[in-house]
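Observations on chain architecture
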Amino acid sequence: MTELKRWIFPVLALALSSFLLAGCDKIPGKPEPEEAYQRPTEVTDFNVLYTTYCAGCHSLDASKPAAARQLNEALYLAFAGREAILQITEDGVPGTTMPAGLIDKGGKLTEEQVGIIVDGIVERTPPLSQEVTDLPPYRAELGRIEEGREAFSRYCAGCHGEDGSGGPKAGSIVDPAYLELVTNQSLRTTVVAGRTDLGMPDFRNMVPGEVMSDEEVEDVVAWLASHREEPDNPAQGNEERND
Amino acid sequence: MTKQLRNIALWLDRRLHLSQIWEATAGHGIPKSSASWFYVFGSATMLCLGVQIVTGICLALIYQPSAQEAYASLHYLNYEQPLGWFLRGMHYWGSNFMVAIMLMHMTQVFVFGAYKYPRELTWVSGVILCLLTLGMAFTGQVMRWDQDAYWGLGIGVSMLGRVPFIGPELTHFLMGGPIIAGNSLSRFFTLHVFIIPGIVLALLSMHLRLVLSKGINEAPTAGKPVRRDSYEEEYEEMVHRGGARFAPDAIGKDLIFGGIVLGLIVACVLLFGPKGPEGIPDPTLINTNPRPDWPFLWFFAVASLMPPYMESVVLLLGPVVAIGIVIALPFFDNTGEKKWTLRPVSTVSLILVVVSLAAFTWYGATSPWSPEMDAWSSEPTPSHMIDGRTPLELQGALVFQYKQCRNCHALDGIGGQRGPALDLVADRMTPDQLVRQVVQGSGNMPAYGQNISPAEVKAVVAFLHTLHTEGRLPAQTALNLHEDPEGSPAGGDE
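Residues numbered from 1 in each chain as written. Chains lettered and ligands numbered in written order. Predicted model: local features only at pLDDT ≥ 70, side-chain atom pairs only at ≥ 80, totals over all residues. Heavy atoms only, no water.

Observations concerning the overall build of chain B
Stated precisely, the cut-off is as follows: The helix count covers DSSP runs of H or I at least four residues long, the strand count covers runs of E at least two residues long, and both are numbered beginning at the N terminus. As defined in this context, the radius of gyration uses C-alpha atoms, and a globule is described by 2.2 Å times the residue total to the power 0.38. Between buried and exposed lies partly exposed: a residue is buried under 20% and exposed over 50% of the maximum accessible area for its type, with that area taken using a 1.4 Å probe on protein chains only.
In terms of helices and strands, chain B carries 21 helices and 2 strands. In terms of C-alpha radius of gyration, chain B reaches 31 Å, well past the compact-globule figure of 23 Å for 494 residues. Projected onto the principal axes, the alpha-carbon positions of chain B cover approximately 110 × 60 × 50 Å. When the 494 residues of chain B are sorted by exposure, 43% land in the buried category.

Here it is, written out as structure tokens:
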């Protein structure tokens, strides 16, 4: 009996360990080939690429506001199209905070990787809930400034203020520093596709029941662009003040 | 049959004197107080050395010590050779346990005052064995031939290059040329596989011989100081009257502890696996975050944190002085009390050293001074810092990412820690101060004035000025009060 008592604990421990180990289908420490180090230019997983190179500005969580446009908006995808997104990803947007992606253009990505990112963005974007027949073209010339002021007043002033310098719901859209950092195309994209993550409606929903026409979009962008001027140099102001 | 086997065994024993050797070594007498759990670390270190030798020989059958093949042969071991990963894991974790248990052994020897008369040379040989073991760990890291190995070696030889007069020649000699290349790997392979293990085995023999001839230190008792004229007699008496024998009286604890150590090594291999190889050793890959293995993390931290003017003195004289003090310890603290409670200077010194090493190791592991090189493109601006911002402020958030401010400044705890976190920067800095900081930099922060446009400065400052405690106004310069049409007391006076 005493002999049995001596052995019962080790035997039970062994049985319990074996039972627990039987539940393992993988040894945690065994390295798997897919976990092996890859050169940055050899990574082909969309999620890894997007997380490493895009998420900083375009965010990972599509349900929350991002500093730059969320890249899973159906209307934006329909408006810009794969080709434009590919071109922007490859070349960046000079003069703005969107850097070039391609290694040849100063970025860190190969052509294949850029393709994977763009395809991934397209694939994960949900389809439009309803077909948009009156979608303006992605690229267009600037319209008429004076008419643009009127269109702005009608569609945008409710949030951005009558003169665009900020209103009850949104800040200034005519600040020279802001305009210095965005392109006309970016203004056009924002007017058409809105920024749903920030609460800005698209061109169909600025005013209930009214859809902005192609001309009105062009005119608003022209009026906004007309506010471009050399922005103040804050450092200069600082120096003067210090003097 | 049994009788024949017994006769063969006896014949062999008579010829080889095996039982006499066993009696003279494992059967040596020890003080009864030494047959305790505090005395198991030395044998466990030796066990780890055995693991390293066996697994090292097996690894050498596959490993290719050439710059072109080394990395690929480790991949082969990890992913193709059956149980190759296990072998690598045993060698890696065996090394970790060897260093850790060796340091425990050394600490125990220090705390028990075992380095005192007449065991000075046991201590000195142990210290040299400790340094050689660290040398094995460092050269073993080079064998991984990955980014950690490449940059670790680069830093090591750069330090060597600071030696006056012969520094460049020493560096050239160690690397086998002017750059880290195939010759460097060959030399470190030779050091790791032949030279250092050879010296370790020779010194270990001496260490063990001294343990046998000078005996295992007794557990110290307060009020029984070591005296040169009487200690050896007292020790003899302790061993022969009421003493014990290592085998079979004390060896049980060593065997049990050895078994536990082996089990822990295997468990670590199964749970965590072998280390690396990490990124390929290509200096053109700048997205690396190399750091040494844990025994050297404290040194990595010290080297990173010390001011530049101290570097040469600390890097060259520091190790010499530190090692000199440790080696000389039994010569200037040769006799007297062994009990740690009666050696306050030693005890406090040990605590200081352990706490300092632990703190620096933690700093080395986290290296808050290193920028997070991918943070700018991979860590989104926290959404609560985006919500409700103006278009200019949003552009500022983008400039903050684009100019890689995030690599050094964390938001919401994510990002680099080289600079201060900026979650509440507007509580403490006015817009003018922010502009000055961005344009002119200060302290560790470079001046961005030449690399940022006025519009970008305005945008990023506008964004940063929104980062303040909720319900509290952001900091404003007092000068702005003069411009306030509503007037302030100061403005009113004017």
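Don't stop here, the text continues.
Description of the overall build of chain A
Which entries qualify depends on this criterion: Here a residue-residue contact requires only that any non-hydrogen atoms of the pair lie within 4.5 Å. Areas reported as accessible are Shrake-Rupley estimates using a 1.4 Å probe. Residue values count occlusion only from the protein chains shown. Under this rule, positive means Lys or Arg and negative means Asp or Glu; His and the chain ends count for nothing. One atom stands in for each charge, and that atom is NZ of Lys, CZ of Arg, CG of Asp or CD of Glu.
Of the regular secondary structure elements, chain A holds 11 helices and 0 strands. Counting only C-alpha atoms, chain A reaches 100 × 60 × 40 Å along its principal axes. For chain A, long-range pairs separated by at least 24 residues make up 64% of all intrachain contacts whose partners lie at least 6 apart in sequence. Of the roughly 13500 Å² of accessible surface on chain A, 54% is carried by carbon and sulfur atoms. For chain A, the distance from the average position of its 21 positive side-chain charges to the average position of its 41 negative side-chain charges is 9 Å.

Some details on a negative patch on the surface
Residues and elements named next belong to chain B. This is how it is decided: Only residues whose relative accessible area exceeds 30% and that take part in no salt bridge are eligible for patches, with like-charged residues grouped when within 9 Å of each other and nonpolar side chains (Val, Leu, Ile, Met, Phe, Trp, Tyr) grouped when within 5 Å. Any carboxyl oxygen of Asp or Glu that lies within 4 Å of a side-chain nitrogen of Lys or Arg is treated as forming a salt bridge with it.
A cluster of like negative charges, contributed by D229, E233, E234 and E237, occupies part of the molecular surface. Positionally, D229 belongs in the loop between α9 (182-214) and α10 (231-240). D229 gets classed as exposed once you look at its relative accessible area, which sits at 64%.

Quick look at the pattern of salt bridges
Residue and element names in this part refer to chain B. Applying the stated criterion across every chain, the model contains 21 salt bridges over all chains. The salt bridge involving E311 is made with R162; its shortest N-O contact spans 2.8 Å. Here the residue E311 occupies a position in helix α13 (residues 311-332), and R162 occupies one in the loop between α7 (147-160) and α8 (167-175), the gap between them amounting to 149 residues. What makes R162 partly exposed here is its relative accessible area of 33%. Measuring nitrogen to oxygen at the nearest pair gives 3.1 Å for the salt bridge that ties E218 to K338. With E218 in the loop between α9 and α10 and K338 in the loop between α13 and α14 (344-366), the pair connects residues that are 120 residues apart, well separated along the chain. Each member of the pair, E218 as well as K338, is classed as buried. In this structure, a network of salt bridges that share partners links the residues R144, D146, K275 and D293.

Things to note about helix α6 (residues 145-155) of chain A
Residue and element names in this part refer to chain A. Where we set the bar: Comment: arc refers to directions from the helix axis out to C-beta atoms.
Taken residue by residue, α6 has G148, A151, F152 and Y155 as its buried positions. End-on view of α6: buried residues confined to an arc of 105 degrees, all on one side of the axis. Among the structural elements, α7 (157-160) and α10 (214-225) are those in contact with the buried residues of α6.

Topic: the packing of helix α18 (residues 431-440) of chain B against helix α19 (residues 454-464) of chain B
When two helices pack together, their arrangement is given by the angle between their axes and by how far apart the axes lie. Residues and elements named next belong to chain B. In plain terms, the rule: Interaxial angle, 0 to 180 degrees, is taken between N-to-C directions of lines fitted to C-alpha atoms, where a helix line uses only the stretch in contact. Just so you know how the angles are binned, under 35 degrees is roughly parallel, over 145 roughly antiparallel, 65 to 115 roughly perpendicular, and the rest oblique. Handedness of a crossing is defined here by the sense of rotation of the near helix relative to the far one, left-handed for an anticlockwise turn of less than a right angle and right-handed for a clockwise turn. Three classes are used, and their members are as follows: Ala, Val, Leu, Ile, Met, Phe, Trp, Tyr, Cys and Pro are nonpolar, Asp, Glu, Lys and Arg are charged, and the others, Gly among them, are polar.
Following both chains from N to C, one finds α18 and α19 inclined at 130 degrees, their axes separated by 10 Å at the closest point. By the angle class used here, α18 and α19 are oblique. Handedness of the crossing formed by α18 with α19: right-handed. Where α18 abuts α19, its residues P431, L434, V435, V438 and V439 lie against V457, V460, V461 and L464. Here the residues of the contact of α18 with α19 sort into 9 nonpolar, no polar and no charged.

Notes on the interface of chain B and chain A
Our working definition: A 1.4 Å probe defines the accessible area here, and the buried area is the portion of it lost by two parts on being joined, summed over both. Polar contact is defined as a pair of N or O atoms within 3.5 Å, subject to the rule that within protein one atom must be able to donate a hydrogen and the other to accept it, and that residues adjacent in sequence are counted only when both atoms are side-chain atoms.
Residue-level contacts link 53 residues of chain B with 48 residues of chain A. Interface area for chain B against chain A, summed over the two sides, is near 3900 Å², with a carbon-plus-sulfur share of 67%. For the chain B face of the interface with chain A, the top three residues by lost area are B:Y79, B:P391 and B:L398, together amounting to 14%. Linking chain B to chain A there are 2 salt bridges. Across the salt bridge formed by A:D175 and B:K458, the nearest N and O atoms sit 3.9 Å from each other. Taken together, the links from chain B to chain A amount to 6 residue pairs in polar contact (both at pLDDT 80 or more). By residue number, the principal contributor to the side of chain B that touches chain A is helix α16 (residues 391-402) of chain B, which donates 9 residues.

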